Amino acid sequence: MIYTLIEALSGLGMFLFGMLYMELALKESAGLRFKSWVKNSTSSTSKSLMTGTIATTLLQSSSVVTLMTLSFVSASMITLNSGIAVIFGANVGTTVTSWIVATLGFKVSIEAFALPMIGAGGLVLVFDPPYKRIITVAKIFVGFGLLFLGLEFMKTSIESLTGTIDLAKFSNYPLIAFLGIGFILTAIIQSSSAATAIVLSALYAHILNFEQAAAMAIGTNIGTTVTAIIGAIGGIPDKKRVALAHFIFNLITAIAAFLILPFLTQFLMGIQGLQNNPLIALALFHTLFNVMGIILLLP
């Protein structure tokens, strides 16, 4: 039991480090060009929305895009309106991680591609080539490989826990309890992507059923706003307004998704193919309720 817990925490640490390493490599290579692209791509609401989605997809971290947006609004580089739209887009962009994890993380032999990526990237970094672009690609390889290797550790440790956990206990918990667990988990580890990976692992190991996993995914969406709220402390009023807009958007979206959760579950489980593939169904659910939030609140 203790070894399994150590394995799960090690996997989580590796997942978070892989994500951070990839993110730093991308930021390092893009630098000022990336910042100027964000600034120039927020002249309209639709552009801002698209920028938030693309930036989060590339950086694989809605928290980084949110904090970057807060600093741009604080420096009056982008307007309050554009800042809010970027954050709306970031919420959709962050669901891409769910799709990557659900399609690759549980379908393909992770060692088959993660270890060669880490090995190849590591060798390139050891030889320290003079080309900055090659170094960036090598760092992304190492980060991506570690991310999936961490996921493999989380998956196997959670699978082995199923033998020691009485699954019947969870069936008595109300769905709102799972929403709360998702919120607390994300607020603690400061990464909705890592929290979602844990939820997908638990669903894969049959520790959670689809409805419980979906409720946890809703909770992770609220939990991710904690980073923005902390980042807005001591800022100008507009910076605080953007952080508050982020919280309100995620809260209203979460309430709406939670209220129609039984109907969405019935709809997704009724689609042929998804019934036997709850991981893809959860990734689709994650995307659907964030898009629904934009439809509700963008006007």
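Here the structure is shown first, and the text comes after it.
Residues numbered from 1 in each chain as written. Predicted model: local features only at pLDDT ≥ 70, side-chain atom pairs only at ≥ 80, totals over all residues. Heavy atoms only, no water.

Describe the overall build of the chain, and please don't skip the residues or the numbers.
For the chain, the count of helices and strands is 15 helices and zero strands. Here the chain holds 299 residues, and the buried ones make up 50% of them. Of the contacts made within the chain by residues no fewer than 6 positions apart, 81% connect residues no fewer than 24 positions apart. Summed over all atoms, the accessible surface of the chain reaches about 13,700 Å², with 71% contributed by carbon and sulfur. (Helix = DSSP H or I, 4+ residues; strand = E, 2+ residues; numbered from the N terminus. Buried < 20%, exposed > 50% of the residue type's maximum accessible area, 1.4 Å probe, protein only. Contact = heavy atoms within 4.5 Å. Areas by Shrake-Rupley, 256 points an atom, 1.4 Å probe, with all protein chains shown as cover.)

Provide a residue-level description of the packing of aromatic side chains, including the pertinent values.
For the coordinates displayed, the defined rule picks out five aromatic pairs. On the basis of an interplanar angle of 75° and a centroid distance of 6.4 Å, the ring pair of Phe 210 and Phe 285 is categorised as edge-to-face. Placement of the pair is Phe 210 in helix α11 (residues 210-223) and Phe 285 in helix α15 (residues 278-297), with a sequence separation of 75 residues. Here Phe 210 and Phe 285 have matching classes, each one buried. For the pair Phe 285 and Phe 289, a centre-to-centre distance of 5.1 Å together with 50° between the ring planes defines the contact as tilted. With Phe 285 and Phe 289 both in helix α15, this residue pair falls four residues apart, about one helical turn. A residue is classified by how much of its surface remains accessible, and Phe 285, at 0% relative accessible area, is buried. For Phe 289, a relative accessible area of 0% puts it in the buried group. Among the aromatic residues, those joined into a ring-pair cluster are Phe 210, Phe 285 and Phe 289. (Phe/Tyr/Trp six-rings, centres within 6.5 Å; stacked < 30°, edge-to-face > 60°.)

Requested: an account of the side chain of Glu 7, with residues and values cited.
Locating Glu 7 in the fold gives a position in helix α1 (residues 2-40). Setting aside its immediate chain neighbours within four residues, Glu 7 contacts Phe 153, Thr 156 and Ser 157.

Please give an account of the nonpolar core that cites residues and values.
One broad rule of soluble globular proteins: the nonpolar side chains tend to lie buried together. Counting 50 residues, the largest nonpolar core has Phe 15, Phe 210, Leu 282 and Phe 285 as its most contacted members. Not counting the four nearest positions on each side in its chain, Phe 285 is found in contact with Phe 210, Ala 214, Ile 218, Leu 261, Leu 264 and Leu 268. In this structure, Phe 72, Val 73, Ala 90 and Val 242 belong to the second largest nonpolar core, which totals 16 residues. (Core = buried A, V, L, I, M, F, W, Y, C linked by side-chain atoms within 4.5 Å.)

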